[in-house]
Amino acid sequence: MKYIDDTVVMKRMKSRLKYNSIWKMIFLIATTLALLTLVILLVRIVTQGSGYLNWDFFNNFGSRFPEKAGIKAALIGSVLLMLIIAPVSMILGVGTAIYLEEYAKKNKFTSFIQMNISNLAGVPSIVFGLLGLTIFVRMLVLGKSLLAAGFTMSLLILPVIIVASQEAIRAVPKEQREASYGMGATKWQTITRVVLPAAIPGILTGSILALSRAVGETAPLVVLGIPVILQFLPDGLLSQFTTLPLQIYDWAKRPQEAFQYVASAGIIVLMILLVIMNSIAIFIRNKFQKRY
Amino acid sequence: MVELMNKTNKQETANIKTPSQIVGESTKSVERNSVFNTKNFNLWYGDHHALKDINLDIRENEVTAIIGPSGCGKSTYIKALNRMVELVPIVKTNGEINYRGRNILEASYEVEELRTRVGMVFQKPNPFPKSIYDNIAYGPRIHGIKNKKVLDEIVEKSLRGAAIWDEVKDRLNQNAYGLSGGQQQRICIARCLAIEPDVILMDEPTSALDPISTLKVEELVQELKDNYSIIIVTHNMQQAARISDKTAFFLNGEVVEFDHTDKIFSTPKDQRTEDYISGRFG
């Protein structure tokens, strides 16, 4: 006795194939819509902003006059901020990830911490802004400085870096660690010689992506009270500064139409910066990824 | 009557030659020094009592095979010998495992020290994603050898010791992952030799290899036993019979029988051993 009836199979074949192609269309439309929005956005920004992209734009400070307005303070501020966030967040984040994966005992307490780290990654950035305002700006009296903002942003992306690093560390096969321990290597030797070299691509990719999120972030800086426009460059860690997203935000809300174009020019610069960072992440991932 | 039983058993294992059969009876009388003396050793994974009252006395310069069905605790036991089993956090042990007279389960015994004397070759070839040279030099380097000339010599000696020098001498700087599975496993053996161990533990070293690579590893084990004591876990009874001097049969976390390999395979004392080696279960 056959359970599968050929005539029924053939009858259903047509509708199965039809469903198959309908779903393909739905997914295709979803992808196209997303891409289309992106293209429209890009075209609009490039056509509006490219006229303002010249040397003066990079070399001028903010101004009341759109044609004199420049991005110098914001660009340098963003880069300096990045230089603070990168080491602070990576040292703390990778260190935490190594501790949790390699040293910490797996018990209820560590899994509680683990759960909280994952949840922190989803906390709105403005909450981190309030935290930074309370702790760094007021309690530690760092003021509205580069350092205060750098620490706040580091806290913001720390959970993302920890989770990404943990996953990279966890992806190193158990057999690799066993091989090292089996020859009498200590935990530290195993981490530095076997685990980290294999995990570094994943750690760097995750960190750079998190860093680019920090570079594009505005809300926490607004809460910290970072000025949106500055006529000088920061001269130290405790100096005032501004960043690209803040500068763009300021231009975009001005009444004069010409400032919309200046804002677009600023967006182009910010996007180029982010594209460069993401390209570095992709490059590192492809170049150093090891397969077992 | 006993002779008759021996004969029937011998027929079942007729195509299996053990080293001691080849060498003759004389080797049996030599009593060698004890390397690993296990006394009343128990091990739990959480609530699961995985090893029960293990008593085994493993001698030097012999190949000791540990056989038994899946889940009988043979891998757990060999991993207890270099305390690798502690990497599983829920493991609890009691009893004694004396390595050269000192109990390795004592808190004062550093695992790093133990593992430089007791090397291990794993089930799946696990070279590092580094060059062949760096793989072999890994052990000496972690123990502080930096001199390039010394390292060169260790690498060559170890690769020769693992009978793979001729195959890889021209490509020491290539990634070990480019080698075949059998070559990778011999690289892992060479890597183990590079720390100049006293004992080599092998946890089913040929289970992931093809028959020809398996044969090469088995031949290698025969050569190595002159200088090392080897404990090998295998699920392959023919392999145990071919290469080992003594065999321990594990079942459900207990040692059922431990004796010279030819005795185990010809005249097992326990019915369960006989059932297992004649393929009635497992």
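- By the naming in an unreviewed UniProt entry, chain A is Phosphate transport system permease protein PstA, taken from Ureibacillus aquaedulcis.
- Turning to chain A, the UniProt record has this under Subcellular location (unreviewed entry): "Cell membrane".

1. Details of the overall build of chain A
- A count of helices and strands for chain A gives 11 helices and zero strands.
- The principal-axis extents of the C-alpha atoms in chain A amount to approximately 85 × 60 × 35 Å.
- Considering chain A as a whole, with its 292 residues, one finds that 42% of them fall into the buried category.
- Sequence-distant contacts, at least 24 apart, represent 74% of the contacts inside chain A between residues at least 6 apart.
- Between the averaged position of the 28 positive side-chain charges in chain A and that of its 13 negative side-chain charges there is a distance of 4 Å.

2. Regarding the interface of chain B and chain A
- The interface of chain B with chain A comprises 23 residues on the first partner and 18 residues on the second.
- In this assembly, chain B packs against chain A so that about 1800 Å² is buried in total across both faces, 63% of it on carbon and sulfur atoms.
- When residues of chain B are sorted by the area they lose upon contact with chain A, Pro129(B), Tyr138(B) and Ile142(B) head the list and together hold 29% of the total.
- For the pair chain B and chain A, the interface holds seven residue pairs in polar contact (both at pLDDT 80 or more).
- When contributions to the side of chain B that touches chain A are tallied by element, the ones reaching two or more residues are helix H5 (111-117), strand S6 (118-121) and helix H6 (132-142) of chain B.
- With four residues, the top contributor of residues to the side of chain B that touches chain A is H6(B).
- Class assignment for the residues of the side of chain B that touches chain A results in 12 nonpolar, five polar and six charged.

3. Digging into a nonpolar patch on the surface
- A contiguous nonpolar surface patch, about 550 Å² in accessible area, is contributed by Tyr19(A), Ile22(A), Trp23(A), Ile26(A) and Phe27(A).
- Mapped onto the elements, Ile26(A) comes out in helix H1 (residues 6-49).

4. Quick word on the pairing of strand S4 (residues 91-99) of chain B
Residue and element names in this part refer to chain B.
- Of the strand pairs in this sheet, strand S1 (residues 34-45) and S4 are connected by eight bridges, and their pairing is antiparallel. Among the inter-strand pairings, Tyr45 is bridged to a residue of S4, identified as Val91.
- Across two bridges, S4 lies against strand S5 (residues 102-103) in antiparallel orientation. Bridge pairing in S5 links Asn98 to Asn103.
- In this structure, the hairpin formed by S4 and S5 is closed by a connection of two residues, where Arg100 is found at a positive phi of approximately 50°.

5. Focus: the layout of surface pockets
- Counted as a void, the largest pocket has a volume near 1100 Å³.
- As for the largest pocket, its lining consists of 31 residues, of which Lys187(A), Glu86(B), Leu87(B), Val88(B) and Pro89(B) are closest to the centre.
- Counting residues per element, the lining of the largest pocket draws most heavily on helix H7 (residues 174-182) of chain A, at four residues.
- Across the lining of the largest pocket, the residue classes tally to 13 nonpolar, three polar and 15 charged.

6. Observations regarding the UniProt feature "transmembrane region" (unreviewed entry) in chain A
Residues and elements named next belong to chain A.
- Per the UniProt entry, the sites bearing "transmembrane region" (unreviewed entry) are residues 21-46, 73-100, 120-141, 147-169, 190-211 and 261-284 in this numbering.
- Secondary structure across residues 120-141 comprises 73% helix and 0% strand; the distance between its end C-alpha atoms is 25 Å.
- The span residues 147-169 carries 100% helix and 0% strand; its end-to-end C-alpha distance comes to 30 Å.

7. Describing the sheet that holds strand S3 (residues 63-67) of chain B
Residue and element names in this part refer to chain B.
- Strands sit in the order S6-S7-S8-S3-S9-S10 across an open sheet of six strands; the sheet is mixed. Looking at which strands have only one partner, the edges of the open sheet turn out to be S6 and strand S10 (254-260). When the angles between neighbouring strand axes are averaged without regard to direction, this sheet yields 15°.
- Sheet topology note: the strand S7 (residues 199-203)/strand S8 (residues 229-233) ladder contains five bridges and is parallel. Bridge pairing links Ile200 to Ile230 in S8.

8. A word on the confidence of the model for chain B
- When pLDDT is averaged along chain B, the result is 87, and 89% of the positions lie at 70 or above.
- Low pLDDT (under 50) marks residues 1-28 of chain B, which in the prediction has 35 contacts with non-local residues, meaning those over four places away or in another chain.

9. A few points about the state of the cysteines
- The full count for this structure, using the stated rule, is zero disulfides over all chains.
- Between Cys192(B), a free cysteine, and Cys188(B), which holds the nearest cysteine sulfur, the sulfur-to-sulfur gap is 9.4 Å.

10. Structural notes on the side chain of Asn98(B)
Residue and element names in this part refer to chain B.
- Secondary-structure assignment places Asn98 in strand S4.
- Using a relative accessible area of 10% as the deciding quantity, one classes Asn98 as buried.
- Polar side-chain contacts of Asn98 include one of 2.9 Å to the side chain of Glu96.
- In contact with Asn98, not counting residues within four places along its chain, are Val35, Phe36, Asn37, Lys39 and Asn103.

Conventions adopted
- Residues numbered from 1 in each chain as written.
- Chains lettered and ligands numbered in written order.
- Predicted model: local features only at pLDDT ≥ 70, side-chain atom pairs only at ≥ 80, totals over all residues.
- Heavy atoms only, no water.
- UniProt positions renumbered as here; feature names shortened; annotations may be inferred.
- Helix = DSSP H or I, 4+ residues; strand = E, 2+ residues; numbered from the N terminus.
- Buried < 20%, exposed > 50% of the residue type's maximum accessible area, 1.4 Å probe, protein only.
- Contact = heavy atoms within 4.5 Å.
- Lys, Arg positive; Asp, Glu negative; His and termini not counted.
- Charge placed at Lys NZ, Arg CZ, Asp CG, Glu CD.
- Buried area = accessible area lost by both parts, 1.4 Å probe.
- Polar contact = N/O pair within 3.5 Å; in protein donor to acceptor, adjacent residues only side chain to side chain.
- Nonpolar A, V, L, I, M, F, W, Y, C, P; charged D, E, K, R; others polar.
- Patch = residues over 30% accessible without salt bridge, like charges linked within 9 Å, V, L, I, M, F, W, Y side chains within 5 Å.
- Areas by Shrake-Rupley, 256 points an atom, 1.4 Å probe, with all protein chains shown as cover.
- Salt bridge = Lys/Arg side-chain N within 4 Å of Asp/Glu carboxyl O.
- Pairing = 2+ DSSP bridges.
- 1 Å grid on protein atoms, 1.4 Å probe; cavity = no way out; pocket = protein on both sides within 12 Å on 5 of 7 lines; lining within 4 Å.
- Points joined across faces, edges and corners; volume = space filled by probe spheres on them.
- Axes fitted to C-alpha atoms, helices over the stretch in contact; angles between N-to-C directions.
- pLDDT = per-residue confidence, 0-100.
- Disulfide = S-S within 2.5 Å.

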